[in-house]
There are 2 protein chains.
Amino acid sequence: MTADTKERILNVAERLFADRGFPATPLRDITNEAGVNIASVNYHFGSKEALLAAVLERRLRPVNARRLELLDAIEAAAGNGVPNVEDVIRAFLAPPFQKRQEWGAGGDNFLRLLGRIHSETNEEFRATFFQQFQGVFRRFEQALQRALPHLDATDIGWRMLFLVGSMALTMAWGESFASIGPASHKDPEDVLESLIQYAAAGMASPVPIGVPVGAAQTGHAS
Amino acid sequence: MTADTKERILNVAERLFADRGFPATPLRDITNEAGVNIASVNYHFGSKEALLAAVLERRLRPVNARRLELLDAIEAAAGNGVPNVEDVIRAFLAPPFQKRQEWGAGGDNFLRLLGRIHSETNEEFRATFFQQFQGVFRRFEQALQRALPHLDATDIGWRMLFLVGSMALTMAWGESFASIGPASHKDPEDVLESLIQYAAAGMASPVPIGVPVGAAQTGHAS
DNA sequence: GTATGATTAAAACAAGCGTTGGATTCTATA
DNA sequence: TATAGAATCCAACGCTTGTTTTAATCATAC
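All figures in this text were calculated on a predicted structure; none of them were measured in a lab.

Describe the packing of helix 8 (residues 153-178) of chain B against helix 9 (residues 188-203) of chain B, naming the residues involved and giving the relevant values.
Residues and elements named next belong to chain B. Helix 9 packs onto helix 8 with a crossing angle of 165 degrees between their chain directions and a minimal axis gap of 10 Å. Considering their axes alone, helix 8 and helix 9 lie roughly antiparallel with respect to each other. The element helix 8 and its partner helix 9 pack so that their crossing is right-handed. Across the interface between the two elements, Arg159, Met160, Leu163, Ser166, Met167 and Thr170 from helix 8 touch Val191, Leu195, Tyr198, Ala199, Gly202 and Met203 from helix 9. The class makeup of the residues in the contact of helix 8 with helix 9 is eight nonpolar, three polar and one charged.

Printed below as a string of structure tokens:
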């Protein structure tokens, strides 16, 4: 019935979009695997694009809600004081990885998909995705500005971009990187801790002072 | 003539692949814009896939060569000592951004494309791309192991993944992030310095000790 | 000028693709 | 039970796509 049909489409779409990318995943592959008719996609979702948006939204909404919930708690605890950098970063990075545990196989698919989407340079995609993301990004930017008052807003913004990059690639590749061999094996919870530690250290690092002489020479030698 | 035809195809492909992604870029768009015939792609490159490989290789080869050159110099200077973490990271991160200056508009396109490709989860893509990349990755992994002898290889590997994530998203989004407004404007050289600083701090940060109690509680509450 | 191979062009193939319109079936309600 | 709306199905549309085949043109050497 209806709820089942939609759910099946969403689940299969999530996996195939994650594995192959949106443009390279024909709707017929999705519907064949979900055991539904091709016309169901347009009936229930309106278009292939809208299906992608629905796939993303059903997971991003609780993830972002959780992020904001955690951030609210941190800010409430800090009162007029300075929120802890690592706590803020944890509030941002932890929810997708923790929700993934909750969601089972779908969670893995979602992480891979979300990791890919972050690097999407196509304007249309970006507009859709960014819309769901930018409010949260701003909130965390502001919290980090409070946590790191010596950094200017530009530096915070860029460092958040770097942080999001780490998160995205870990989402996209983390599962397969971990399965290369024993040398790269690491429990998901440990991976998350490493990521948080790494990002917090980078975020809190001193601001570079100008362009070092070494780098200038390298540039000129090219 | 031949060299001109190939060059034009490569340049247009680079840009369109960067803007829209490989699967979403029809060959006819490339050839129309390059002013050549559709059959030229198969004649000169063999297939669409091979065109992508050629687009990537012509830029990655000098980038990776430069990386290894810089790393060799750092290791030679260090002799039996410990190479400097930031220097090693700079040797890895700087070449694509510096080559981009050299290459003009094509360099920007290439960065965007390379940034996207890093998040590609499709197995076929990854195999092709990874082949061109993994030797370099290994070399830098080893250099960082020397630079940070207290870290085990697994941690180094994961931190490199985080570092590559930051680099990739900066490549993919850096140009447009910088142009959002005055609040995010930053000279490309300063962005690179910030990225290096951020990554070096994260790379050299202490290893997290187990799973903190706070995170465990958060996980259970979900 | 001629022959040969390289390169480009034109036309087509075979398949795929998202969407659509109308028909049919299903479901809930009075 | 009848009805109306929801949901699914089927067939097709109109187009796009990477690749292929053959012909035409170009470039070079003799």
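Lay out the protein's contact with DNA strand C in plain terms, naming residues and giving numbers.
Taken together, 18 residues surround DNA strand C, and among them Pro26(A), Arg28(A), Thr5(B), Tyr43(B) and His44(B) come closest. Per the 4 Å cut-off to the protein, sugar and phosphate atoms form 54% of the nearby atoms of DNA strand C. Contact distances for DNA strand C include 2.9 Å between a phosphate oxygen and a backbone N or O atom of Leu27(A). Asn37(B) places a polar main-chain atom, nitrogen or oxygen, 3.1 Å from a phosphate oxygen of DNA strand C. Mapped onto the surface near DNA strand C, the elements with two or more residues apiece are helix 2 (27-34) and helix 3 (39-45) of chain A together with helix 1 (2-20) and helix 3 (39-44) of chain B. When the residues that make up the surface near DNA strand C are grouped by side-chain class, the tally is eight nonpolar, seven polar and three charged.

Please provide a residue-by-residue account of the side chain of Glu141(B), values included.
Residue and element names in this part refer to chain B. With respect to the helices and strands, the residue Glu141 is situated in helix 7 (residues 123-147). For Glu141, the side chain forms a polar contact with the side chain of Arg138, separated by 2.9 Å. When residues no more than four places from it in sequence are discounted, the contact partners of Glu141 are Ile156, Gly157 and Met160.

Conventions used here
Residues numbered from 1 in each chain as written. Chains lettered and ligands numbered in written order. Predicted model: local features only at pLDDT ≥ 70, side-chain atom pairs only at ≥ 80, totals over all residues. Heavy atoms only, no water. Axes fitted to C-alpha atoms, helices over the stretch in contact; angles between N-to-C directions. Helix = DSSP H or I, 4+ residues; strand = E, 2+ residues; numbered from the N terminus. Parallel < 35°, antiparallel > 145°, perpendicular 65-115°, else oblique. Left-handed = near helix turned anticlockwise from the far one by under 90°. Contact = heavy atoms within 4.5 Å. Nonpolar A, V, L, I, M, F, W, Y, C, P; charged D, E, K, R; others polar. Near = heavy atom within 4 Å. Polar contact = N/O pair within 3.5 Å; in protein donor to acceptor, adjacent residues only side chain to side chain.

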